[in-house]
Amino acid sequence: MIKNKFIAIEGLEGAGKTNACICVKNILKKYNIKNILLVRQPGSTPIAEDIRKLIKKQFNTDNLIKETELLLMYAARIQLVEKKIKPALKNGAWVISDRHDLSSLAYQGGGLGIKKTKITKLKSLFLNNFIPDLTIYLDVSPKIGLARASKRNTLDLIEKRSLKFFNQTRKCYLKNAKLDNKIITINANLNIKKVTQNIKKKILDWLNKQVI
Ligand code: T5A
């Protein structure tokens, strides 16, 4: 038997997070786990979805300043954590989230240059250090990831930022992944079949360690 958990999937645009969420969900089902909630950040509640639209669209004449962007990401996250994730975990569901607070550290911290101390303060103030049991970080080079994302649809305003922004974001992801043993890094530059195989292997190893 395994106690229900909160799993986050992280990575740059085009890293393959959607595919990873489905892969993790299918593995859980094989373990006979049926009560699974899939969410995305920012989003997955009516208010957080409105914040998502605002962030993705922005206004060319009135761009968000970086602190506003950070606070909007956190507002959406708090709404989702309190309204859906915590209640679901309390009811015994497994929760898989496409992105969580590591995204803020990487994008608004690494990419936009907001100090880590400010972001961790925000985290401890409003999330009470509510953290995923496991984070799968899909490491992709910005060039490869953005090329994949642009093939699928037109890029939104965050995705149109410079390569320097995404290189800094990736650097921050990698740095934090090294510091935290609850983060598993997967090479997402490989083809989708290989990446899926690696995710399966890592998640099965992890699940076997969780059996009580
Ligand atoms: N954001 C979010 C912040 O700045 N701070 C925050 O705190 C938070 C929470 C959210 C945006 O908000 C920012 C980050 C984002 O800019 P989003 O749509 O949720 O936006 O996130 P994106 O990363 O933009 O979503 P994508 O859909 O682009 O990325 P995915 O989900 O990683 O990519 P996926 O799985 O949809 O794949 C994209 C394409 O690539 C192919 C897929 O088939 C698909 O066509 N693909 C591969 N092709 C070849 N090889 C592989 N290994 C492949 N993996 C996927």
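Residues numbered from 1 in each chain as written. Predicted model: local features only at pLDDT ≥ 70, side-chain atom pairs only at ≥ 80, totals over all residues. Heavy atoms only, no water.

Draft legend 1. Quick look at the site of the ligand. In the region of the ligand, 28 residues are neighbours, and Glu13, Lys17, Arg99, Ser104 and Arg152 sit closest. Between the ligand and the protein, one listed contact pairs an oxygen atom with a side-chain N or O atom of glutamate 13 at 2.8 Å. Within the side chain of arginine 148, an N or O atom sits 3.3 Å from a nitrogen atom of the ligand. Of all elements in the fold, only helix 1 (17-30), helix 2 (46-57), helix 3 (66-90), helix 4 (101-111), helix 6 (142-152) and helix 8 (192-210) reach the threshold of two or more residues within the shell around the ligand. Looking at the shell around the ligand, the element that brings in the most residues is helix 4, giving four residues. Of the residues in the shell around the ligand, the class split is 10 nonpolar, nine polar and nine charged. (Near = heavy atom within 4 Å. Polar contact = N/O pair within 3.5 Å; in protein donor to acceptor, adjacent residues only side chain to side chain. Helix = DSSP H or I, 4+ residues; strand = E, 2+ residues; numbered from the N terminus. Nonpolar A, V, L, I, M, F, W, Y, C, P; charged D, E, K, R; others polar.)

Draft legend 2. Looking closely at the packing of aromatic side chains. Going through the model one piece at a time under the given rule, you end up with six aromatic pairs. Aromatic pair tyrosine 107 and phenylalanine 166: ring centres 6.5 Å apart, planes at 90°, arrangement edge-to-face. In this pair, tyrosine 107 is assigned in helix 4 and phenylalanine 166 in helix 7 (residues 163-179), connecting sequence segments 59 residues apart. Look at tyrosine 107 and tyrosine 173: their rings are 6.3 Å apart centre to centre, the planes differ by 90°, and that puts the pair in the edge-to-face class. Taken as a pair, tyrosine 107 in helix 4 and tyrosine 173 in helix 7 lie far apart in primary sequence, 66 residues in all. (Phe/Tyr/Trp six-rings, centres within 6.5 Å; stacked < 30°, edge-to-face > 60°.)

Draft legend 3. Local environment of unusual backbone geometry. At the junction of glutamine 41 and proline 42, the peptide bond is cis and its omega measures out at -5° in the coordinates. If you trace the backbone, proline 42 turns up in the loop between strand 2 (36-40) and helix 2. With a phi angle near 70°, serine 44 is a residue other than glycine that sits in the positive phi range. Tracing the backbone shows serine 44 in the loop between strand 2 and helix 2. Note on serine 44: relative accessible area 17%, which makes it buried. With phi around 85°, arginine 99 is a residue other than glycine that occupies positive phi space. Take arginine 99: it is sitting in the loop between strand 3 (94-98) and helix 4. (Buried < 20%, exposed > 50% of the residue type's maximum accessible area, 1.4 Å probe, protein only.)

Nothing here speaks to function; it is all geometry.
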